[in-house]
Amino acid sequence: MAVILAVHAHPDDIEHLAAGSLALLAAQGHAVRIATLTAGECGSAETDLAETARIRRAEAAGAAGLIGAEYRCADLPDLGVFNDDAARRAVTELIRWAQPEVVIAASPADYHPDHEAASQLVRDACFAASVPNYRTGPAAPLEAIPHLYFMDPIGGRDREGRRIVADFGVDIADGFGVKQRMLSAHVSQAEWVARQHGIADHLASMEAWSRRRGADFGVAVAEGFRQYRHEPYPRTPRLQDLLGAAVVTAAS
Ligand SMILES: [Zn+2]
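An account of the accompanying structure is given in this report. (Residues numbered from 1 in each chain as written. Predicted model: local features only at pLDDT ≥ 70, side-chain atom pairs only at ≥ 80, totals over all residues. Heavy atoms only, no water.)

### Structural notes on the environment of Ala-128
- Checked against the element boundaries, Ala-128 lands in helix H5 (residues 113-128).
- Distance from Ala-128 to Arg-195, taken between C-alpha atoms, is 39 Å for residues 67 residues apart in sequence. (Helix = DSSP H or I, 4+ residues; strand = E, 2+ residues; numbered from the N terminus.)

### Some details on helix H7 (residues 187-197)
- Every buried residue belonging to H7 is among Gln-189, Trp-192 and Val-193, and all of these are buried. An end-on view of H7 places all buried positions within 105° of arc, on one side of the element. Pointing more than 90 degrees away from the buried face of H7 are the exposed residues Val-187, Glu-191 and Arg-195.
- On the buried face of H7, the contacting elements are helix H3 (49-65) and helix H8 (202-217).
- Phi for Gly-198, located one or two positions after H7, is positive at around 70°. (Buried < 20%, exposed > 50% of the residue type's maximum accessible area, 1.4 Å probe, protein only. Arc of directions from axis to C-beta. Contact = heavy atoms within 4.5 Å.)

### Things to note about the coordination of the zinc ion
- Around the zinc ion, the protein contributes the donor atoms His-10 (ND1), Asp-13 (OD), Asp-13 (OD) and His-115 (NE2), which lie 2.0 to 2.4 Å from the metal centre.
- What the 4 donor atoms of the zinc ion show is an angle range of 57 to 142° at the metal, which sorts the shape as irregular.
- In terms of primary sequence, the donors binding the zinc ion are separated according to H-x2-D-x101-H.
- Owing to a relative accessible area of 5%, Asp-13 belongs among the buried residues under this scheme. (Donors = N, O, S within 2.8 Å, 3.2 Å for Na, K, Ca; no water. Tetrahedral: all angles 85-135°; square planar, octahedral: opposite > 155°, others 65-115°.)

### Remarks on the packing of aromatic side chains
- Using the criterion set out here, one finds 4 aromatic pairs in the structure.
- Measuring from ring centre to ring centre gives 6.0 Å for Phe-168 and Phe-225, while their planes differ by 35°; the resulting arrangement is tilted. One end of the pair, Phe-168, is in strand E6 (residues 168-171); the other, Phe-225, is in strand E7 (residues 222-227), with 57 residues separating them in the sequence.
- For Phe-168, a relative accessible area of 2% puts it in the buried group.
- By relative accessible area, which is 1% here, Phe-225 ends up buried. (Phe/Tyr/Trp six-rings, centres within 6.5 Å; stacked < 30°, edge-to-face > 60°.)

### Some remarks on helix H6 (residues 176-184)
- For H6, the complete set of buried residues consists of Phe-176, Val-178, Lys-179, Met-182 and Leu-183. Projection of H6 onto a plane perpendicular to its axis shows the buried side chains occupying an angular sector of 155°, all on one side.
- Contacts from the buried residues of H6 go to helix H1 (13-17), helix H2 (19-27), strand E2 (31-38), H3, H8 and E7.

### A few points about the packing of H3 against H7
- The N-to-C vectors of H3 and H7 enclose an angle of 115°; their axes lie 9 Å apart at closest approach. Here Ile-55, Arg-56 and Glu-59 of H3 come into contact with H7, specifically with Val-187, Ser-188 and Gln-189.
- Tallied by class, the residues present in the contact of H3 with H7 amount to 2 nonpolar, 2 polar and 2 charged. (Axes fitted to C-alpha atoms, helices over the stretch in contact; angles between N-to-C directions. Nonpolar A, V, L, I, M, F, W, Y, C, P; charged D, E, K, R; others polar.)

See the structure below:
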């Protein structure tokens, strides 16, 4: 059994970009942990910060619970994620809490400043988490740097509109129903996404993206991932091996 940590900036990001793959891993009996760096407390025009944070944490925990995953929030401020000393220590403590063999993080290039900062923080915290003298809290240092992967950016493009090419796709046909239910757990976001993003139906938006990624790999629905391979991070294809036959690598 492997421990896989998926970590992104806000509640519902993971449900858009990686929940199908996480559902497949959970169904195989692996331990999946889901974390967000913020509670997404700016994601409402109806409730204040504290109430929105409470609602969205509960929604995220509910979504994670659908695949038996533990959920944790690092409590960084929404729209206030920066790559600084305090945030790196907080994210390192989060990774030490999870004790993962595989970490799946936000894309380095994405539409939202918190997403890009979260990607850098998680990348560097994966290194720091195995350094015993780097002190962060009660959780024990990791014995090794975990295998690190990036999800797709929202919409599959960087801020200049360039397409991000995935190293490989995961055929999520068997996990797609669970992915839909996990995103549906984010009840508060249906209205917010319509107001702030002009997306009338966030479930339909997620499905459209999953089908577009699927078309890149010749399957119905897929999620794309890239592996971070710079030293001293492990380069062996641990996540690909865990997902086995669901991995698809047709040219995109
Ligand atoms: Zn987000």
